[in-house]
Structure formats: structure tokens, C-alpha cells
Amino acid sequence: MAGPEDAAAESVALTNYAEMCLQTEDGRAVRDLLDLVGDKWSLLIIGTLSSGRLRFSELLRGIPGVSQRMLTLKLRSLERDGLVSRTVHAEVPPRVEYDLTAMGHTLIEPAVALATWAMKHQPETAAARQAFDQQ
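These remarks concern the structure in this document. (Residues numbered from 1 in each chain as written. Predicted model: local features only at pLDDT ≥ 70, side-chain atom pairs only at ≥ 80, totals over all residues. Heavy atoms only, no water.)

**Regarding helix α7 (residues 108-134)**
Taking 1.5 Å as the rise per residue, α7 with 27 residues should run 39 Å; its terminal C-alpha atoms sit 37 Å apart, in good agreement. When the local axis directions of α7 are compared, the greatest deviation, roughly 55°, occurs at H121, which is followed within four positions by the proline P123. (Helix = DSSP H or I, 4+ residues; strand = E, 2+ residues; numbered from the N terminus. Expected span 1.5 Å × (residues − 1). Bend = angle between axes of the 7 residues up to and from the residue.)

**A short note on the sheet that holds strand β2 (residues 84-89)**
Pairing in this open sheet of three strands is antiparallel, and the strands run β1-β3-β2 from one edge to the other. Each edge of the open sheet is held by one strand with a lone partner, namely β1 (54-55) and β2. Packed onto the sheet, helix α3 (residues 42-49) meets β1, β2 and β3 (95-100) and runs at close to 100° relative to β3. (Pairing = 2+ DSSP bridges. Contact = heavy atoms within 4.5 Å. Axes fitted to C-alpha atoms, helices over the stretch in contact; angles between N-to-C directions.)

**Observations regarding the nonpolar core**
Formed by 19 residues in total, the largest nonpolar core has its most connected members in I45, L49 and L59. If sequence neighbours within four positions are ignored, I45 has contacts with I63, L71, K74, L75 and L78. (Core = buried A, V, L, I, M, F, W, Y, C linked by side-chain atoms within 4.5 Å. Buried < 20%, exposed > 50% of the residue type's maximum accessible area, 1.4 Å probe, protein only.)

**A short note on helix α2 (residues 25-37)**
Over its 13 residues, α2 runs 18 Å from end to end, which matches the ideal 18 Å to within 8%, given 1.5 Å per residue. Among the residues of α2, G27, L36 and V37 are the ones counted as buried.

**Considering the pattern of salt bridges**
Two side chains bearing opposite charge may form a pair once their charged atoms approach each other closely. Taken as a whole, this structure holds five salt bridges when the rule is applied. Put simply, K74 and D39 hold a salt bridge, and the shortest N to O gap is 3.1 Å. One end of the pair, K74, is in helix α5 (residues 68-80); the other, D39, is in the loop between α2 and α3, and 35 residues separate them in sequence. Here R95 ties to E97 by a salt bridge, and the two come within 3.0 Å at their closest N and O atoms. Relative accessible area serves as the criterion here: at 13%, E97 is assigned to the buried category. Counted as one network, the salt bridges with shared partners bring together R53, E91, R95, E97 and D99. (Salt bridge = Lys/Arg side-chain N within 4 Å of Asp/Glu carboxyl O.)

As C-alpha cells, then:
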């Protein structure tokens, strides 16, 4: 069982890591990642594509609430950053499919961890928000 010394050491390590993230290229990489996937739709797109290659219309149906325009913008952004690949098939009408790249697949595990944390702590964050708003 972890004691107070372990908790204090972990706190110091996290503080040192946070300072490093603010002041180094590693910090820039963390900020870039959060800019990349920290929006409302990117992780949902990545999660939806984790099951395999999909057409635009399948993605649109699989992500409730996303507009065609927003899905187009996010897919372009994820493609630009190397997380999603876009394949255009020379057919009439043209068929376009999207898939995760090898690098995109590496985001699934951390994304699932974040989603699990969010679901586990949602009641606590909702209660904290309500208490804060009532003050």
C-alpha cells in the first residue's frame, strides 16, 4: 500500500514533468497533440475508424451530431497530421474511404483510457460543477 512518502514523491514527479512540458520541445509535442485531438470530434472519428475502413456517409451516420462540414474539416485535419488515410476509388460515382494509419491506430489505447476515466469520473465532475455553480 502506498504511503504519504509515495504520494509526495509522485506529486513532485508530476510537478517536474509539468514544468518540463511547459518549457521544452516535449511540451510543445504535448500541446500539439492536445490541439490535434482535444476537440469535440477527433477522438470520436478515430474511435469510429478503429473498427476499419469506412466511407464518408458511414462515418457521418456513426457519429451522431457531427455535421457534414465539420466531419470534412476534421478528416482533412487528421489526414494532414498523418492519423487518417483517404483513398479515392476511380469509380462513377467516386468512392472515398477513410482509414486509420499505423500512427492513428496507436492513439486508440490512450483514447480508450481517457474515455474510461471520463465515464468513471463523470458523476463526480457533474456534482462538482453543480456545487460550484450554486456558490
